[in-house]
Amino acid sequence: MNYSTLFLLLISLFCGQAQLFMDASANLPENGARGQSMDVRAADIDGDNDLDVFLSNVAFIPGKNRQNRLFSNDGDGVFSDVTPTHLPADSDHTIDAIFEDVDLDEDLDLIVCNVFGGPIKICENNFLEVNQIRKKVVITP
């Protein structure tokens, strides 16, 4: 971006003629049974150079779905829910998560942290082998 383009962008922003953020919520799938999400993480879980989205879910409100959700990006910013095929079933209250290459195989694994005595879980990403993330280790507090 050159200086004149940047200047025009700034002018239009200050004059209210452009928006920095636009609502793209329609690109996300429906969140299952309306989960109660505590955290969101973006990472390229399938090695296709776009960011996929993970939601850490709890059920502090009765009737909410605790199952964490994973949305795969199709490359154009449109997401599909791959939870049933890519995440293990989970009924813990997950409040935080991080993607790291725990097993040093050059793909991102998932570490989730739960409350109310729930364990810390490491989900190994085997995308290149079986196209899913499976539970590998459970660490109890």
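Everything numeric in this text was worked out from a predicted model, so none of it was measured. (Residues numbered from 1 in each chain as written. Predicted model: local features only at pLDDT ≥ 70, side-chain atom pairs only at ≥ 80, totals over all residues. Heavy atoms only, no water.)

Attention shifts here to the sheet that holds strand β2 (residues 52-58). Pairing in this open sheet of 4 strands is antiparallel, and the strands run β1-β2-β3-β4 from one edge to the other. Bordering the open sheet on either side are β1 (36-43) and β4 (79-81), each of which pairs with just one other strand. Put simply, the sheet's adjacent strands are angled 25° from each other on average, direction ignored. Two strands pair when backbone bridges link them, and β1 and β2 are joined in this way by 7 bridges, in the antiparallel orientation. In the strand pairing of β2, Q36 is matched with V58. (Pairing = 2+ DSSP bridges. Helix = DSSP H or I, 4+ residues; strand = E, 2+ residues; numbered from the N terminus. Axes fitted to C-alpha atoms, helices over the stretch in contact; angles between N-to-C directions.)

A few words on the nonpolar core. Counting 11 residues, the largest nonpolar core consists of A43, I45, F54, L70, V82, L87, A97, F99, L110, V112 and C123. Listing elements by their share of this core, those giving two or more residues are β5 (94-100) and β6 (109-114). (Core = buried A, V, L, I, M, F, W, Y, C linked by side-chain atoms within 4.5 Å. Buried < 20%, exposed > 50% of the residue type's maximum accessible area, 1.4 Å probe, protein only.)

Let us now look at unusual backbone geometry. The residue N49 is not glycine, and still its phi comes out positive at about 65°. By secondary structure assignment, the location of N49 is in the loop between β1 and β2. Classification of N49 by relative accessible area gives exposed; the value is 75%. Even without being glycine, F116 reaches a positive phi, approximately 60°. Mapped onto the elements of the fold, F116 is located in the loop between β6 and β7 (120-125). You can call F116 exposed: its relative accessible area is 66%.

Predicted coordinates in regions of low pLDDT should not be interpreted in detail. Per-residue pLDDT for the protein has a mean of 80; in total, 72% of the residues score no lower than 70. For the protein, the element scoring lowest by mean pLDDT is strand β8 (residues 133-139), at 51; β5 scores highest, at 94. Taken as a whole, residues 129-133 scores under 50 in pLDDT and shows 16 contacts with residues more than four places along the chain or in a different chain. (pLDDT = per-residue confidence, 0-100. Contact = heavy atoms within 4.5 Å.)

A separate point is the side chain of D39. Looking at the secondary structure, you find D39 in strand β1. Within polar-contact distance, the side chain of D39 engages the side chain of R41 at 2.9 Å. Not counting the four nearest positions on each side in its chain, D39 is found in contact with F54, L55, S56, I95, D96 and A97. (Polar contact = N/O pair within 3.5 Å; in protein donor to acceptor, adjacent residues only side chain to side chain.)

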